[in-house]
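# Tertiary structure, described
Residue strings, one per chain:
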Amino acid sequence: MQLPLIVQSFRKKRYVIAMSEHPDAFDLKIMQELQKDGRQTNNELAARIALSPSQCSRRRSCLEEEGYIRGYHARIDHGKLGLGLLCIIAVTLSTHNQNSARRFGRFVSKLPEVLEAYALTGDMDYYLKVMTRDLRDLSRFVSDVLLPHATVQHVKTSIVLDTLKDGSDYPV
């Protein structure tokens, strides 16, 4: 039998915010601030959202435990690492069934060149955001890695000329 969150928290002898179905205004402010700067200290965060440091810490912990905050990441300058070519690759699968989709998903998740992958509706089945060193590396990736895979029928590659907006800061 699953106990209510507040009962579980008392058994753990620590306070956990009993979140309703949706985070409240303070929780949303915490997430908004952490998207801007995930490295800020708890005291800095508390001051920005007008909560006590202990309240802020408890709320952040609860947001992490509940999966609203999935992690903290550094934004890396790929160009400084010699990864200068960003591409969007549209992929069409040879057959459309769950087995092919699962196989392709497992395959793509292991490829370090693939930064993001999206299953789509419409003409193409997937869009892959891919980072390579140069055109030769892109050609190798498409010809030697993507096209030989049994589930792939067709790929269409587009090279990104300019990034107009970059990031994963979502409005909260």
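Throughout what follows, the structure given in this document is the object of discussion. Just so you know, these numbers come straight off a predicted model, no measurement behind them.

## Here's the deal with helix α4 (residues 53–65)
The terminal C-alpha atoms of α4, which comprises 13 residues, lie 18 Å apart, in line with the 18 Å expected from a rise of 1.5 Å per residue. Looking at α4, one finds that the buried residues are C56, R59, R60, C62 and L63. Down the axis of α4, the buried side of the element spans an arc of 160 degrees, and every buried residue falls inside it. The inward-facing, buried residues of α4 abut α2 (25–36) and α3 (42–49). With its phi angle positive at about 90 degrees, G67 sits one or two positions after the end of α4.

## Considering unusual backbone geometry
Its identity is not glycine, yet A50 carries a phi of approximately 65 degrees, on the positive side. Note on A50: relative accessible area 62%, which makes it exposed.

## Structural notes on the layout of surface pockets
The volume enclosed by the largest pocket comes to roughly 1,700 Å³. Around the largest pocket sit 41 residues that line it, and H73, R75, G167, S168 and D169 are the ones nearest its centre. Contributing elements (two or more residues each) for the lining of the largest pocket: α2, β1 (85–93), β2 (114–119) and β3 (126–132). The element that contributes the greatest number of residues to the lining of the largest pocket is α2, accounting for 4 residues. A breakdown of the residues in the lining of the largest pocket according to their chemical character gives 19 nonpolar, 10 polar and 12 charged.

What counts, and at which threshold
Residues numbered from 1 in each chain as written. Predicted model: local features only at pLDDT ≥ 70, side-chain atom pairs only at ≥ 80, totals over all residues. Heavy atoms only, no water. Helix = DSSP H or I, 4+ residues; strand = E, 2+ residues; numbered from the N terminus. Expected span 1.5 Å × (residues − 1). Buried < 20%, exposed > 50% of the residue type's maximum accessible area, 1.4 Å probe, protein only. Arc of directions from axis to C-beta. Contact = heavy atoms within 4.5 Å. 1 Å grid on protein atoms, 1.4 Å probe; cavity = no way out; pocket = protein on both sides within 12 Å on 5 of 7 lines; lining within 4 Å. Points joined across faces, edges and corners; volume = space filled by probe spheres on them. Nonpolar A, V, L, I, M, F, W, Y, C, P; charged D, E, K, R; others polar.

Interpretation in functional terms is not warranted from these geometric data alone.
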